[in-house]
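One-letter residues, chain by chain:
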Amino acid sequence: MADIEGAAVPERLLITRTTTGDGVGLVILAGEVDLDGSSQLRDVLLASVESAPGTVVDFGEVGFLDSSGINVLISAHRAAEARGVWLRLAAPRDAVERVLRLVGVDALIPCYPSVEQALTA
């Protein structure tokens, strides 16, 4: 099952949400995660953690992540913890991984080098 959420901001952030065979949510991002798209990303992530036993966020096609995106990840992490489900990040590019490490999100939310590793962890 794949739901294309569409571009949060045309040509800046594409959010695709799918569900694996065992019900895990997979949120695939492409573009830039910044203030313009963070509201829609928050909605998609919160919906996923409310309905799935776990959620993986694929950052493989994200070239930029700002503080608004960090805040969305922290909110989604808190919502997942409150519900007793998990949230994992996958495949961040170097620039995004650096931001995640600088602010300590990688210590709060497990981060894996690939989507496959995040799904099977």
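This structure is a prediction, so every number in the text was calculated from the model and none was measured.

Another aspect to go through is the UniProt feature "domain: STAS" (unreviewed entry) in the chain. With numbering aligned to this structure, UniProt lists the feature "domain: STAS" (unreviewed entry) at residues 14-121. Taken as a whole, residues 14-121 contains 50% helix and 31% strand, while its terminal C-alpha atoms sit 26 Å from one another.

Here we take up the nonpolar core. Judged by nonpolar contacts, the single largest core of 26 residues is most densely connected at Leu-29 and Phe-59. Mapped by element, the contributors of at least two residues to this core are strand S2 (13-19), strand S3 (25-33), helix H1 (35-51), strand S4 (54-65), helix H2 (67-83), strand S5 (86-90) and helix H3 (94-103). Per-element accounting of this core gives the leading share, six residues, to H2. For Leu-29, the contacting residues outside a window of four places in its chain are Leu-13, Leu-14, Ile-15, Leu-41, Val-57, Asp-58, Phe-59, Glu-61 and Val-62. In terms of nonpolar packing, the next biggest core, distinct from the first, is built from five residues, Val-56, Ala-90, Val-115 and Ala-118 among them.

Analysis parameters
Residues numbered from 1 in each chain as written. Predicted model: local features only at pLDDT ≥ 70, side-chain atom pairs only at ≥ 80, totals over all residues. Heavy atoms only, no water. UniProt positions renumbered as here; feature names shortened; annotations may be inferred. Helix = DSSP H or I, 4+ residues; strand = E, 2+ residues; numbered from the N terminus. Core = buried A, V, L, I, M, F, W, Y, C linked by side-chain atoms within 4.5 Å. Buried < 20%, exposed > 50% of the residue type's maximum accessible area, 1.4 Å probe, protein only. Contact = heavy atoms within 4.5 Å.

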